Amino acid sequence: MAARRYDGMSPELRVAVLCSRRAPGLDYLLTRGATRGRTYDLVAVLTSDPECAERERLAAARVPCLVHDIRDFYAARGARLGDLARRPEYDRGTVELLAPHRPDLVILCGYLHIVTAPMLEAYAERVVNIHDSDLRATDTTGRPKYRGLHAVRDAVFAGERATRSTVHLATPEVDGGPLLVRSWEFPTHPMVDAARDWGAT
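Description of the structure in this document. (Residues numbered from 1 in each chain as written. Predicted model: local features only at pLDDT ≥ 70, side-chain atom pairs only at ≥ 80, totals over all residues. Heavy atoms only, no water.)

On to the nonpolar core, then. Counting residues in each nonpolar core, the largest one holds 22 residues, and the members touching the most others are Leu18, Leu98, Val106, Leu108, Met119 and Val127. Only strand E1 (13-19), strand E2 (40-47), helix H3 (70-76), helix H4 (87-98), strand E4 (105-108) and helix H5 (117-122) provide two or more residues apiece to this core. Not counting the four nearest positions on each side in its chain, leucine 108 is found in contact with Leu18, Val115, Val127, Val128, Asn129, Ile130 and Ala170. Within the second largest apolar cluster, 15 residues are counted, among which are Val17, Ala23, Tyr40 and Ile107. (Core = buried A, V, L, I, M, F, W, Y, C linked by side-chain atoms within 4.5 Å. Buried < 20%, exposed > 50% of the residue type's maximum accessible area, 1.4 Å probe, protein only. Helix = DSSP H or I, 4+ residues; strand = E, 2+ residues; numbered from the N terminus. Contact = heavy atoms within 4.5 Å.)

Now for the side chain of threonine 47. Tracing the backbone through its elements, the reader meets threonine 47 in strand E2. Looking at threonine 47, its side chain comes within polar contact range of the main-chain oxygen of serine 20, at 2.7 Å. Once residues within four sequence positions are removed from consideration, threonine 47 is found in contact with Cys19, Ser20, Cys52, Cys65, Leu66, Val67 and His68. (Polar contact = N/O pair within 3.5 Å; in protein donor to acceptor, adjacent residues only side chain to side chain.)

A sheet is described by the order of its strands in space; here seven strands give the open sequence E3-E2-E1-E4-E5-E7-E8, paired in mixed fashion. For this open sheet the edge positions go to strand E3 (65-67) and strand E8 (179-182), each flanked by a neighbour on one side alone. Averaged over neighbouring strand pairs, the angle between their axes works out to 20° when direction is ignored. Where strand E5 (residues 127-131) lies against strand E7 (residues 166-169), four bridges are found, and the strand directions are antiparallel. By the bridge assignment for E7, asparagine 129 is matched with histidine 168. (Pairing = 2+ DSSP bridges. Axes fitted to C-alpha atoms, helices over the stretch in contact; angles between N-to-C directions.)

When we look at a pair of aromatic rings, we describe it by the centre distance and by the angle of the planes. Evaluation of the coordinates by the stated rule reveals three aromatic pairs. Relative to tyrosine 74, the ring of phenylalanine 73 has its centre 5.3 Å away and its plane inclined at 80°; by these criteria the two rings are edge-to-face. On the basis of relative accessibility, which here comes to 1%, the residue tyrosine 74 falls in the buried class. Ring geometry for phenylalanine 73 against tyrosine 90: centres 5.3 Å apart, planes inclined by 70°, an arrangement best described as edge-to-face. (Phe/Tyr/Trp six-rings, centres within 6.5 Å; stacked < 30°, edge-to-face > 60°.)

Counted by the stated rule, this structure contains five salt bridges. Among the salt bridges present, the one from aspartate 27 reaches arginine 57, with a minimum N-O distance of 3.2 Å. Residue aspartate 27 is located in helix H1 (residues 26-36), and its partner arginine 57 is located in helix H2 (residues 55-60); the two are separated by 30 residues in the primary sequence. Note on arginine 57: relative accessible area 35%, which makes it partly exposed. (Salt bridge = Lys/Arg side-chain N within 4 Å of Asp/Glu carboxyl O.)

The next point concerns unusual backbone geometry. Phi at arginine 62 takes a positive value of approximately 60°, unusual for a residue other than glycine. Note that arginine 62 resides in the loop between H2 and E3. A positive phi is found at glutamate 125, a non-glycine position, where the angle reads about 60°. By the element assignment, glutamate 125 lies in the loop between H5 and E5. A relative accessible area of 67% places glutamate 125 in the exposed class.

Dropping the structure here:
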């Protein structure tokens, strides 16, 4: 699938979103074009959860909501959800579902699953992840300290005084791709210290 380069003069960049039950920030993606001048067109949202909370909002905005139920996929194969050996087959299905919508860019927004080679190759350097921690905070080996689904919890438990979100390119290394943007700081609530004093981990 050939990438179309967005040069600011062409028609809108075609964007697809992958989410699970929720897509934090979807309201912004849906309304930004109407309020700030369009630079992209949200062409589809694909959810791994048939009970996705965003479906009514997407229907009202006339954005196709594609359901690719990951639990049904694994159950039909008698496999457990965390079995990454099965994930490429699931991701090939995701690529097929997205293909008619021709996205130039895929955003992982509240998507709770690791993407594998079929997605990363079909949209090479065009899969962007929104991760809820500061991926510039690294350990002694130079790897990000707070990766995965529990990054905020881990940062708070580690005593960080603030957290950030990071946008990065998705690569085969989970939360290890090139960083694109970091958010401002979100201070850790003072109640965290009180909870520690209570032993309420």
